[in-house]
Amino acid sequence: MNADKEKWLLLIILSVIWGSSFILIKKSLDHFSPYQVGALRVLIAGIILMPVAISKYRLFPKKHLKWLILAAFTGNFIPMFLFPIAETQISSSIAGIINSMMPIFVIIVGALIWKFETTKRQMTGVFISFTGVCLLAFGGDDSTQFKIFPILLLLLATLCYAMSTTTVKSKLMDVSSTVLSAFVFSFVLFLPSLIALLSTGFVSQFTFTKENMIGLGFVSLLSVFGTGLAMMMNYRLLKVSTPLFASTVTLLMPIVAIIWGVLDGEKLTALQFAGTIVIIAGLIFLRAKTIVQK
């Protein structure tokens, strides 16, 4: 498969996986605290990927250790806690709209730190699609009240994602996507996530009740697919595309969230349908080469 087809296939699959993460976070929060959800999400991914990390330990990029740590904590640790904390106060639709700002943060971070150069056409595409996401978020029948603190948390999480994405693209492209994910979750983040989980009292509080096992099932799905597998695919997407193109997955995620809502009995309004069309129009602009590094 050529790179152009592969990047669009990865973009669609990632949109489905990560777009489903909002409902999985909400379901997980019915059983565990936000801190437990975040810690379990990272820890389970680390356990699953541990065999790969151990078998490939000779490939550990020691010379890029500082960049690996930066990418790991900004992309796979800090946001994992910020999103559950924020979603205890606001709806998943608002979480989706804030998360969709990642391409904009990629442009800002890329320009200020990594000296990336972005064309006017691609910036236009990002803002067109972002407008569509706004229509999706605010086109529903319910009225969601804005709360400043959780929105700031989500903005910080989205900024962290942009930092991680641009760091991987700039400094870690010589490491395979599977090995990179394994190192991130099993070597770099395993101990911090374990300490975070123990500090919540999870071990002493957890009992093997039906409710707890259901909650653990939701977190496991979130971890295996929305974290471990998705990050492998995301790192691969960065190899065959650019940070800005890879970040456009956040523009498609709200569409998946709405589909989940429809399946759950919600209705798609005319404004939300219009938002979907606008997002697709914006992505057409993004088909061209997005970011060229100086």
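Rules used throughout
Numbering of residues starts from 1 in every chain and runs along the sequence as written. Local features are withheld for residues below a pLDDT of 70 in this predicted model, meaning they are given only at 70 or higher, and side-chain atom pairs are given and counted only at 80 or more; totals for whole chains, interfaces and linings count all residues. Water and hydrogen atoms were dropped before computing side-chain values, which therefore reflect all heavy atoms in the structure. UniProt positions are given in the numbering used here, feature names are shortened, and annotations may be inferred rather than shown by experiment. Exposure above 30% relative accessible area and the lack of any salt bridge qualify a residue for a patch; like charges then connect within 9 Å, and the nonpolar side chains Val, Leu, Ile, Met, Phe, Trp and Tyr within 5 Å. For the area figures, the Shrake-Rupley method with a 1.4 Å probe applies, and any residue is considered shielded solely by the protein chains shown. One speaks of a salt bridge when a side-chain nitrogen belonging to Lys or Arg is within 4 Å of a carboxyl oxygen belonging to Asp or Glu. Under the scheme applied here, a residue whose accessible area is under 20% of the maximum for its type counts as buried, over 50% as exposed, and between as partly exposed, the area being computed with a 1.4 Å probe on protein chains only. Any pair of Phe, Tyr and Trp rings, taking the six-membered ring for Trp, is counted once the centres come within 6.5 Å. Such a pair is stacked with planes under 30 degrees apart, edge-to-face with planes over 60 apart, and tilted for the rest. Axis definition: a line fitted to C-alpha atoms, limited for helices to the stretch in contact. Angles are taken between N-to-C directions and run from 0 to 180 degrees. Note on conventions: DSSP H or I runs of at least 4 residues are helices, E runs of at least 2 residues are strands, and numbering of each starts at the N terminus. Any angle that is under 35 degrees is reported as roughly parallel, and any over 145 degrees as roughly antiparallel; angles of 65 to 115 degrees are reported as roughly perpendicular and all others as oblique. Each crossing gets its handedness from the near helix: less than a right angle anticlockwise from the far helix is left-handed, clockwise is right-handed. Contacts are residue-level and defined by heavy atoms, with any inter-residue pair within 4.5 Å sufficient. The classification used treats Ala, Val, Leu, Ile, Met, Phe, Trp, Tyr, Cys and Pro as nonpolar, Asp, Glu, Lys and Arg as charged, and all other residues, Gly among them, as polar.

As recorded in an unreviewed UniProt entry, the protein chain goes by DMT family transporter and comes from Chryseobacterium indoltheticum. The annotation that UniProt attaches to the protein chain under Subcellular location (unreviewed entry) is "Membrane". Listed in UniProt under the heading Sequence similarities (unreviewed entry), the comment for the protein chain reads: "Belongs to the EamA transporter family."

Together, Ile-48, Leu-221, Val-224, Phe-225 and Leu-229 line one region of the surface with nonpolar side chains, adding up to about 390 Å² of accessible area. Take Leu-229: its relative accessible area is 34%, and that puts it in the partly exposed class.

To continue, consider the packing of aromatic side chains. Going through the model one piece at a time under the given rule, you end up with twelve aromatic pairs. Ring geometry for Phe-206 against Phe-208: centres 5.2 Å apart, planes inclined by 85°, an arrangement best described as edge-to-face. The exposure class assigned to Phe-208 is exposed, which follows from its relative accessible area of 72%. Through a chain of ring-to-ring contacts, three or more aromatic side chains come together here, namely Phe-32, Phe-202, Phe-206 and Phe-208.

Before going further, it helps to examine the packing of helix α3 (residues 34–55) against helix α11 (residues 190–199). Remark: α3 packs on α11, axes separated minimally by 8 Å, with the N-to-C direction vectors making an angle of 140°. When the axes of α3 and α11 are compared, the pair comes out oblique. As for how α3 packs across α11, the hand of that crossing is left-handed. Along the contact surface, α3 presents Gln-36, Ala-39, Leu-40, Val-42, Leu-43, Gly-46, Ile-47 and Met-50, while α11 presents Phe-190, Ser-193, Leu-194, Ala-196 and Leu-197. Split into classes, the residues belonging to the contact of α3 with α11 amount to ten nonpolar, three polar and no charged.

A separate point is the packing of helix α4 (residues 65–76) against helix α9 (residues 148–171). One way to put it is that α4 packs onto α9 with a least axis distance of 7 Å and a crossing angle of 150°. With respect to α9, the axis of α4 lies roughly antiparallel. Two packed elements cross with a definite hand, and for α4 against α9 that hand is left-handed. Residues Trp-67, Leu-70, Ala-71, Thr-74 and Gly-75 of α4 form the contact with α9, whose own contacting residues are Cys-160, Tyr-161, Met-163, Ser-164, Thr-167, Val-168 and Lys-171. Taken together, the residues of the contact of α4 with α9 sort by class into seven nonpolar, four polar and one charged.

Our next topic: the pattern of salt bridges. Under the criterion given, the structure shown has two salt bridges. Here Lys-7 makes a salt bridge to Asp-4, at a shortest N to O gap of 3.6 Å. Placement of both Lys-7 and Asp-4 in helix α1 (residues 3–19) is noted, with a separation of three residues, approximately one turn of the helix. Residue classification places Lys-7 among the buried positions, given a relative accessible area of 13%. Judged by its relative accessible area of 33%, Asp-4 falls in the partly exposed class. Here Glu-6 makes a salt bridge to Arg-236, at a shortest N to O gap of 2.8 Å. Of the two residues, Glu-6 sits in helix α1 while Arg-236 sits in helix α13 (residues 210–240), which places them 230 residues apart along the sequence.

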